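Listed below, chain by chain, are the residues.
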Amino acid sequence: MKTNGGRCRIRALCWSRREWRGAGMAQKKYLQAKLTQFLREDRIQLWKPPYTDENKKVGLALKDLAKQYSDRLECCENEVEKVIEEIRCKAIERGTGNDNYRTTGIATIEVFLPPRLKKDRKNLLETRLHITGRELRSKIAETFGLQENYIKIVINKKQLQLALIFIGKTLEEQGVAHNVKAMVLELKQSEEDARKNFQLEEEEQNEAKLKEKQIQRTKRGLEILAKRAAETVVDPEMTPYLDIANQTGRSIRIPPSERKALMLAMGYHEKGRAFLKRKEYGIALPCLLDADKYFCECCRELLDTVDNYAVLQLDIVWCYFRLEQLECLDDAEKKLNLAQKCFKNCYGENHQRLVHIKGNCGKEKVLFLRLYLLQGIRNYHSGNDVEACEYLNKARQLFKELYIDPSKVDNLLQLGFTAQEARLGLRACDGNVDHAATHITNRREELAQIRKEEKEKKRRRLENIRFLKGMGYSTHAAQQALHAASGNLDEALKILLSNPQMWWLNDSNPETDNRQESPSQENIDQLVYMGFDALVAEAALRVFRGNVQLAAQTLAHNGGSLPPELPLSPEDSLSPPATSPSDSAGTSSASTDEDMETEAVNEILEDIPEHEEDYLDSTLEDEEIIIAEYLSYVENRKSATKKN
């Protein structure tokens, strides 16, 4: 992930081993994880005697247990007792909720609020599961003082569906169950302050509405661009569209059944990454989850041969971490392991496949740095401090390898290269400025040649399509024939002549509808003059809407007769689609729709990076600070152990 700006230094973070409150939420989560682990290992059930009495009050034995565990952890007994009591209360709440759910059908949902509303204890919401997603959102907004129209709910890694087609779907039908975790995303960035005047409040509401519209425009823009890419007949000089290229920048052929899903997956991923760069995590997460959904529609073989899916898993976990909601992602370990497996499949053991293709693996190490960092964070919050220390140290070591001297970047900037090119080039060349300059120059020339070749390939394809359209075939038919013939015009013509039914692949365009109710005698005579039977000639002209050239070609190719699969009375099937009143409306509405589409497409294109390795570019400023922060947590735990 690329972030711009200068380099900043970290500051040391330290605290007394007994000052857990001052250490922050990370230490509290660590303590909770370790105590939960101890309780599980010792098979202690806090909700039963002697830790809980018949009135569900805390028993005297809990203090002795706290003393025992504080000695093992070598930390403050009061803090340990406090956390154990929280675990006990939560267990009782869960047990009460389970009993209640079995008898009344009322489920309990654990709600994780935005960071500005976080409280010390968990937020539980009771509800029946036969209500709709929209009703649950209203209930959450009312219970926790949020504005209903400005929040999104994420449950089981998916957005709670609120669109019109889902209004009738119950929570149960959407996979929501008892004791599920729900994360609330707030679309507005700043906290509403009741003391602020009405104008400021209105501005914040308008901002939230704009963000919601932005998400909708993102979806619309990606749909349009994916459709254009599927058609493959757009003029690249006039109409923007999306294409899928390999690591060298060359377009690759994707089966039509997979192409749209992959296009949408990659489009949502790039849009989500753009929001991540701007640190708009609440908007980034829905885009990344949509990308995950569309990637899952692609074949497993494809996902194992490209690194896109692995990078997406890292981005999703990173987004949850930056939202301070890592506990909501129950399968963080699964996602990180999946990313690691995909990287191995894609790059090869010890990166040998990557080195063979690119000549180096310096730039890709950025991805592994973030992977190790997230694995360290996840292990720390799970109470596995040894594993956490191991992964965090691996991340720190990689950071030292990837750190770039700013003066070297300045040297390359003076040569006319961009900061992004400089960082990527230096990491690819182990920090050697001269080698990096040569590497960047060669890559620029290579990409220029590839773009020239791809442009020429697209131009030839458009010319072939226009040629086939000039012969009377529809754009759709020409597309399919050329695709089947791998772009060879002569082979495409043979395919069309051998499969005259492809002529029926109509574009639903009035300009291509040359249908005639009765062929003219002049056209019939032309075919008769060529040696065809008059009745067969008339039937062929009816089939091909009076197109003499197509009728003659088909009859000649089939020995003077029509193929049996072609209908002889096509009037019904050829009738143009009925025009709805909206089709004949004024140009004002059409113009407005076109403007909205253009706006949606432009917003997508603005966030599609020009550099093919943009996802590998990072200043690593955020990672540097977070590595130091979590290593300080681990080191202070070690120091506390040694002192005792």
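Remember, it's a predicted structure, so these values are computed and weren't measured experimentally.

Regarding the pattern of salt bridges
- Going through the model one piece at a time under the given rule, you end up with 23 salt bridges.
- Linking Asp 315 and Arg 273 is a salt bridge whose minimum nitrogen-to-oxygen distance equals 2.9 Å. Within this pair, whereas Asp 315 is found in helix 10 (residues 308–322), its partner Arg 273 is found in helix 7 (residues 256–277), the two being separated by 42 residues in sequence.
- The salt bridge involving Asp 292 is made with Lys 335; its shortest N-O contact spans 3.4 Å. Taken together, the positions of Asp 292 in helix 8 (residues 281–295) and Lys 335 in helix 11 (residues 332–347) put the pair 43 residues apart, joining distant regions of the chain. Residues Asp 292 and Lys 335 agree in their burial class; the two are buried.

Section: unusual backbone geometry
- With an omega of 5°, the peptide bond between Pro 49 and Pro 50 qualifies as cis.
- Within the element layout of this structure, Pro 50 appears in the loop between helix 2 (25–41) and helix 3 (61–73).
- In this model, Arg 43 sits at a positive phi of 55°, which is unusual for a non-glycine residue.
- Along the chain, Arg 43 turns up in the loop between helix 2 and helix 3.
- Assessed through its relative accessible area of 76%, Arg 43 is described here as exposed.
- One non-glycine residue with positive phi stands out, namely Glu 324, at about 60°.
- Tracing the backbone through its elements, the reader meets Glu 324 in the loop between helix 10 and helix 11.

A look at helix 19 (residues 489–498)
- When we look at burial in helix 19, the residues that qualify are Ala 492, Leu 493 and Leu 496. With its buried residues spanning 100° around the axis, helix 19 presents them on a single face.
- Of the residues that open helix 19, the one with a side-chain oxygen 3.1 Å from the backbone nitrogen of Asp 490 is Asn 488.

Structural notes on the packing of aromatic side chains
- For the coordinates displayed, the defined rule picks out 15 aromatic pairs.
- Their ring planes at 45° and their centres at 5.1 Å tell us that Phe 343 and Phe 368 sit as a pair that is tilted. Taken together, the residues span a long stretch of sequence, with Phe 343 in helix 11 and Phe 368 in helix 13 (residues 365–381) at a distance of 25 residues.
- Relative to Tyr 633, the ring of Tyr 630 has its centre 5.0 Å away and its plane inclined at 70°; by these criteria the two rings are edge-to-face. With a gap of 3 residues between them, Tyr 630 and Tyr 633 both fall in helix 25 (residues 621–643), about one helical turn apart. No difference in accessibility class separates Tyr 630 from Tyr 633, as the two residues are buried.
- Each member of the aromatic cluster is reached from another via a ring pair, and the members are Tyr 30, Trp 318, Phe 321, Tyr 380, Tyr 630 and Tyr 633.

Conventions adopted
- Starting afresh in each chain, residues are numbered from 1 along the sequence in its written order.
- With pLDDT at 70 or above as the cut-off, local features in this predicted model cover only qualifying residues; side-chain atom pairs require 80 or more to be listed or tallied, and sums for whole chains, interfaces and linings still use all residues.
- The basis for the side-chain values is all heavy atoms of the structure; hydrogens and waters are excluded.
- When a carboxyl oxygen of Asp or Glu is within 4 Å of a side-chain nitrogen of Lys or Arg, the pair counts as a salt bridge.
- Every helix listed is a DSSP run of H or I at least four residues long, and every strand listed is a run of E at least two residues long, numbered separately from the N terminus.
- Between buried and exposed lies partly exposed: a residue is buried under 20% and exposed over 50% of the maximum accessible area for its type, with that area taken using a 1.4 Å probe on protein chains only.
- As used here, the arc is the angular range of directions from the helix axis to the C-beta atoms.
- Side-chain atoms alone can form a polar contact between residues adjacent in sequence; in general such a contact is a pair of N or O atoms within 3.5 Å, and within protein one must be able to donate a hydrogen while the other accepts it.
- When two rings of Phe, Tyr or Trp (its six-membered ring) have centres within 6.5 Å they constitute a pair, described as stacked for plane angles under 30 degrees, edge-to-face for angles over 60, and tilted for the intermediate range.

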